Amino acid sequence: MLSEQSAVTVRATLPAVGAALGTITERFYAGLFAAHPELLNDLFNRGNQAAGTQRQALAGSIAAFATQRCSATPSPPRSPQPGTRSTG
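Residues numbered from 1 in each chain as written. Predicted model: local features only at pLDDT ≥ 70, side-chain atom pairs only at ≥ 80, totals over all residues. Heavy atoms only, no water.

Concerning the packing of aromatic side chains
Both the distance between ring centres and the angle between the ring planes are used here to describe each pair of aromatic rings. Where we set the bar: Here a Phe, Tyr or Trp ring, Trp counted by its six-membered ring, pairs with any other such ring whose centre lies within 6.5 Å, and the pair is stacked when the planes are under 30 degrees apart, edge-to-face when over 60, and tilted otherwise. Each residue is placed in one exposure class: buried if its accessible area under a 1.4 Å probe, protein chains only, is under 20% of its type's maximum, exposed if it is over 50%, and partly exposed if it falls in between.
Counted by the stated rule, this structure contains 2 aromatic pairs. Residues Phe28 and Tyr29 carry aromatic rings whose centres are separated by 5.0 Å and whose planes lie at 75 degrees to one another, so their mutual orientation is edge-to-face. Under the relative-accessibility criterion, Phe28 is labelled partly exposed at 43%. With centroids separated by 5.8 Å and ring planes inclined at 20 degrees, the aromatic side chains of Tyr29 and Phe33 adopt a geometry described as stacked.

Encoded structure:
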């Protein structure tokens, strides 16, 4: 759960971040693979990287997460599924 102060910051910056997600994810992956080229060998699909689908998926996930975390109505806690044990 975000603190109220963090939620205010995320809400205020979400439009700007959303508008720049393509650039943000492009720079993220460029820096990641420059620092760790070995990740391209077995972890990330080169075709998805070349087509931009990996970046699009990351951008969509970032936007969805931030939007959900800053929604006005928090989601109620989920009940354990039948047949599972509660850890709380």
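A closer look at the pattern of salt bridges
Stated formally: In what follows, salt bridge is the name for a side-chain nitrogen of Lys or Arg lying within 4 Å of a carboxyl oxygen of Asp or Glu.
Summed over all chains, the structure comprises 1 salt bridge. The residue Arg11 makes a salt bridge to Glu4 at a minimum N-O spacing of 3.5 Å.

Description of the side chain of Thr25
Going by this rule: Helix and strand definitions here come from DSSP, where helices need a minimum of 4 consecutive H or I residues and strands a minimum of 2 consecutive E residues; each element is numbered from the N-terminal end. Whether two residues touch is decided by their heavy atoms; if any such pair falls within 4.5 Å, the residues are in contact.
Looking at the secondary structure, you find Thr25 in helix α2 (residues 21-35). Excluding anything up to four places from it in sequence, Thr25 contacts Arg55, Leu58, Ala59 and Ile62.

Here we look at the packing of α2 against helix α5 (residues 53-69)
The condition is simple: Here the axes come from fitting lines to C-alpha atoms, over the contacting stretch only for helices, and the angles between their N-to-C directions go from 0 to 180 degrees. Throughout this description, any angle smaller than 35 degrees is read as roughly parallel, any larger than 145 degrees as roughly antiparallel, any in the 65 to 115 degree range as roughly perpendicular, and the remainder as oblique. Definitions for this section: a left-handed crossing has its near helix turned counterclockwise from the far helix by less than a right angle. A right-handed crossing has that turn clockwise.
At a minimum axis separation of 9 Å, α2 and α5 run at an interaxial angle of 120 degrees. One element, α2, and the other, α5, form an angle in the oblique class. Here α2 and α5 pass one another in a crossing that is right-handed. Residues Leu21, Thr25, Glu26, Phe28 and Tyr29 of α2 form the contact with α5, whose participating residues are Gln54, Arg55, Leu58, Ala59, Ile62 and Ala63.

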